[in-house]
Amino acid sequence: MSDQIKFIVDSLNKEPFRKNYNLITFDSLEPMQLLQVLSDVLAEIDPKQLVDLREEMPEQTAKRMLSLLGILKYKPSGNATDMSTFRQGLVIGSKPVIYPVLHWLLQRTNELKKRAYLARFLIKLEVPSEFLQDETVADTNKQYEELMEAFKTLHKEYEQLKASGFSTAEIRKDISAMEEEKDQLIKRVEHLKKRVETAQNYQWMLKIARQLRVEKEREEYLAQQKQEQKNQLFYAVQRLQRVQNQLKSMRQAAADAKPESLMKRLEEEIKFNLYMVTEKFPKELENKKKELHFLQKVVSEPAMGHSDLLELESKINEINTEINQLIEKKMMRNEPIEGKLSLYRQQASIISRKKEAKAEELQEAKEKLASLEREASLKRNQTREFDGTEVLKGDEFKRYVSKLRSKSTVFKKKHQIIAELKAEFGLLQRTEELLKQRHENIQQQLQTMEEKKGISGYSYTQEELERVSALKSEVDEMKGRTLDDMSEMVKKLNSLVSEKKSALASVIKELRQLRQKCQELTQECDEKKSQYDSCAAGLESNRSKLEQEVRRLREECLQEESRYHYTNCMIKNLEVQLRRATDEMKAYISSDQQEKRKAIREQYTKNIAEQENLGKKLREKQKVVRESHGPNMKQAKMWRDLQQLMECKKQCFLKQQSQTSIGQVIQEGGEDRLIL
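It should be emphasised that the depicted structure is a prediction, and the values quoted were computed from it without experimental measurement.

**Student:** Go over the overall build of the protein, please, and point to the residues and values.
**Tutor:** When helices and strands are tallied, the protein shows 18 helices and two strands. A buried classification covers 11% of the 676 residues belonging to the protein. Pairs at least 24 apart in sequence give 56% of the contacts found in the protein among residues at least 6 apart. When the accessible surface of the protein is summed, it comes to about 58700 Å², and 57% of that surface belongs to carbon and sulfur atoms.

**Student:** Summarise a negative patch on the surface; cite the residues concerned and give the values.
**Tutor:** On the surface, Glu179, Glu180, Glu181 and Asp183 cluster together into a negatively charged patch. For Glu181, the position within the fold is in helix α9 (residues 168-197). By relative accessible area, Glu181 is classed as partly exposed at 48%.

**Student:** Residue-level account of the packing of aromatic side chains, with values.
**Tutor:** Enumeration over the complete set of coordinates arrives at three aromatic pairs. Ring geometry for Phe234 and Tyr235: centres 6.0 Å apart, planes at 55 degrees, overall tilted.

**Student:** Give a description of helix α11 (residues 259-300) that names residues and reports values.
**Tutor:** Helix length check: α11 (42 residues) gives 59 Å between terminal C-alpha atoms against 62 Å at 1.5 Å per residue, within 8%. Within α11, the axis deviates most sharply at Met276, by approximately 40 degrees. Where α11 is concerned, the buried positions are Leu262, Phe272, Tyr275, Met276 and Lys280.

**Student:** Describe the pattern of salt bridges, naming the residues involved and giving the relevant values.
**Tutor:** By the definition in use, this model includes 14 salt bridges. Ionic pairing is found between Lys289 and Glu561, a salt bridge with its closest N-O pair at 3.2 Å. Placement of Lys289 in helix α11 and of Glu561 in helix α15 (residues 458-589) is noted, with a sequence separation of 272 residues between them. Relative accessible area serves as the criterion here: at 31%, Lys289 is assigned to the partly exposed category. Taking the shortest distance from any N to any O, the salt bridge between Lys358 and Glu361 comes out at 3.8 Å. Of this pair, Lys358 and Glu361 both sit in helix α13 (residues 336-387), three residues apart, which is roughly one turn of the helix. A cluster of three or more residues bridged by salt bridges with shared partners is formed by Glu540, Arg543 and Glu547.

**Student:** I'd like to hear about helix α6 (residues 95-107), residue by residue, with values.
**Tutor:** At 3.6 residues per turn, the α-helix brings residues three or four places apart onto the same side. Taking 1.5 Å per residue as the helical rise, α6 with its 13 residues ought to reach 18 Å, and the 18 Å between its terminal C-alpha atoms agrees with that figure. Of the positions making up α6, those classed as buried are Val97, Ile98, Tyr99, Val101, Leu102, His103, Trp104, Leu105 and Leu106.

**Student:** So, the packing of helix α3 (residues 31-45) against helix α4 (residues 58-71): which residues are in play, and what are the values?
**Tutor:** At a closest axis distance of 12 Å, the pairing of α3 and α4 adopts a crossing angle of 45 degrees. As judged from the angle between their axes, α3 and α4 are oblique. When you trace α3 past α4, the crossing you get is left-handed. Between α3 and α4, the contacting residues are Leu35, Leu38, Ser39 and Leu42 on the first element and Arg64, Met65, Leu68 and Leu69 on the second.

**Student:** Run through a nonpolar patch on the surface, naming residues and quoting values.
**Tutor:** There is a patch of nonpolar side chains on the surface, built from Trp639, Leu642, Leu645 and Met646 and spanning about 440 Å² of accessible area. Its location among the elements puts Leu642 in helix α18 (residues 629-658).

**Student:** Quick one: what's the story with the environment of Tyr74, residue by residue and with numbers?
**Tutor:** For Tyr74, the position within the fold is in the loop between α4 and α5 (80-92). Not counting residues up to four positions away in its chain, the partners in contact with Tyr74 are Leu69, Phe86, Pro100, Val101 and Trp104.

**Student:** I'd like a description of the packing of helix α1 (residues 2-13) against α6, backed by residues and values.
**Tutor:** Close contact between α1 and α6 brings their axes to 10 Å; oriented N to C, the two are set at 55 degrees. On the basis of their axis angle, the class for α1 and α6 is oblique. As α1 packs across α6, the resulting crossing turns out to be left-handed. In this structure, α1 contributes Gln4, Ile5, Phe7, Ile8, Ser11 and Leu12 to the contact, and α6 contributes Tyr99, Pro100, Leu102, His103, Leu106 and Gln107. A breakdown of the residues in the contact of α1 with α6 according to their chemical character gives eight nonpolar, four polar and no charged.

**Student:** A description of the nonpolar core should follow, citing residues and the corresponding values.
**Tutor:** Where a protein is soluble and globular, its nonpolar side chains tend to be buried together. Among the nonpolar cores identified, the biggest contains 32 residues, and Leu12, Phe26, Leu38, Leu72, Leu102 and Leu105 are the most heavily contacted of them. Secondary structure elements with two or more residues in this core: α1, α3, α4, α5, α6 and α7 (109-122). Among the elements that line this core, the one with the most residues is α6, at eight residues. Look past the residues within four positions of Leu12 in its chain and what remains in contact with it is Phe17, Arg18, Lys19, Tyr21, Phe26, Val37, Val41 and Leu106.

**Student:** An account of unusual backbone geometry is requested, with residue identities and associated values reported.
**Tutor:** Although it is not a glycine, Asn20 adopts a positive phi angle of roughly 60 degrees. Position of Asn20 among the secondary structure elements: in the loop between α1 and α2 (23-27). Residue Lys73 is not a glycine yet carries a positive backbone phi of 65 degrees. Looking at the secondary structure, you find Lys73 in the loop between α4 and α5.

Here is what the cut-offs are and how they apply
- Residues numbered from 1 in each chain as written.
- Predicted model: local features only at pLDDT ≥ 70, side-chain atom pairs only at ≥ 80, totals over all residues.
- Heavy atoms only, no water.
- Helix = DSSP H or I, 4+ residues; strand = E, 2+ residues; numbered from the N terminus.
- Buried < 20%, exposed > 50% of the residue type's maximum accessible area, 1.4 Å probe, protein only.
- Contact = heavy atoms within 4.5 Å.
- Areas by Shrake-Rupley, 256 points an atom, 1.4 Å probe, with all protein chains shown as cover.
- Patch = residues over 30% accessible without salt bridge, like charges linked within 9 Å, V, L, I, M, F, W, Y side chains within 5 Å.
- Salt bridge = Lys/Arg side-chain N within 4 Å of Asp/Glu carboxyl O.
- Lys, Arg positive; Asp, Glu negative; His and termini not counted.
- Charge placed at Lys NZ, Arg CZ, Asp CG, Glu CD.
- Phe/Tyr/Trp six-rings, centres within 6.5 Å; stacked < 30°, edge-to-face > 60°.
- Expected span 1.5 Å × (residues − 1).
- Bend = angle between axes of the 7 residues up to and from the residue.
- Axes fitted to C-alpha atoms, helices over the stretch in contact; angles between N-to-C directions.
- Parallel < 35°, antiparallel > 145°, perpendicular 65-115°, else oblique.
- Left-handed = near helix turned anticlockwise from the far one by under 90°.
- Nonpolar A, V, L, I, M, F, W, Y, C, P; charged D, E, K, R; others polar.
- Core = buried A, V, L, I, M, F, W, Y, C linked by side-chain atoms within 4.5 Å.

Below is the structure:
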């Protein structure tokens, strides 16, 4: 609990809350303040939750927080009684209830922000079925669902782009850098144009440069095509090698096989494929369809609260008790025929389950074998690319391993001998150095003694004479030895030739007999090979026919399924139309006036009568307007003229007042008097 509070306090002191709490101040918060902290955290996740709790009723606060926690999929620990205590604790601001909620929210704030944002657009509004009978409501609901699906796809694309690592700032930088490079290139092109325009044969040189650029582009394109063709050739060679390996393995498998065994194997494969197509795959397809229908049903249902889950659990318990009661009643009857049938049913179900399990094991083994063969072929190709040699198999690999072992033992022995020789060589080298040093010392002493006696160089000349005589004796010995060796070699070669001739006479006789046998066996092999090829061709044609039939049956199955779904949709549409028609007939035939008024025919007739009355009134009004149009236009013209006349009088009066007054004019009794 203390670690939990510490984590909450550390998170609240960080951005974006900045509460500046410590463990003591946070633990001493009142329930209202604690609820306000929880509301602030929820407002950070969903901005709509930004509310001052002093201006909100406690029931509304609890309802708002519970709904948001349900959307965020918060699951309090405990059972149904604990759920009621959780609600009460959330209303009164209990610390044992609010601390785990805060800890859970602050641990995964970013994830919950995303969930709250998506909930605004992905929580489906459930429209009652009776309102969906109206076409406008149904179209609006359909449009709403389409927009929801479009939002899902767009949000997925946005997340993928966000995860791909592209950022708008980097893209803008790249665009600005590319624009700068473009401006620089334009300037360089203009500069080069100005420099080139002064040269002779300007147009001709441009033409040649353009042709050179085109040829370079063509060369790059051809190089790319060449690389693609090389890749295709490489893939084709790999495929050929795979096919050759398969052919080799099939020939090895069929070397000792007979047509009967091949037929038996093909029949087993056909039975297995028929079982997979007729029994296993349809069951799996039906299960997948049921699962899909169930998931669609779950998705179409509204979000369930805790009370709905409790109701479903109670219903499940009731149904389980009813099932147990029915099973007990059935066991109480003790019908012997049913008991025997149940045994047979159990045995059949056990056999079918075993059959399905073995089929799945066989399928998995085939897939594993295919993957291992692919991996082995890849490894063979890689080794062939590295050193250009084939991978050894079976007995060849065993022989190779035994050779390696013998060579390794020989290598170890030789290595040991080399180590001993190296050690001995080191000792001999050291003794040689010591002897050389002693020899040099003795030579120096001898030279000093010769110089004292006056015979310097005597020892050197004596050594040279001894060395020349030794060389002459060695050459003479080698000459004699070579002559003796040559004579002995000739004798040995003659004896070996005679021995080989006598030894090979019997072998040559056996070789002739073996050649005759080899010719007979090759003829027999060719005959057997032709028989095998004809049998294999017949089996291959039968297999292709069966594959075509299986493919045709699958296509027919798919067509029938699509036709079935189409007819179901048409039947549902017709049922809806028929229901509306029957309701209309009932309302039209019924004696109740209120029911008749609800009928569509009555509504349409009423609307038609109202529109006809409205049309009559509008035509009368149009007639009156046409008749009074001329006089009204004249009267309007007279009013406009009167307005102009009054405007003219106004301007004259203003002009008269603006002039300097000479005297005062007084009007009395129809007379005007001027008083200066």
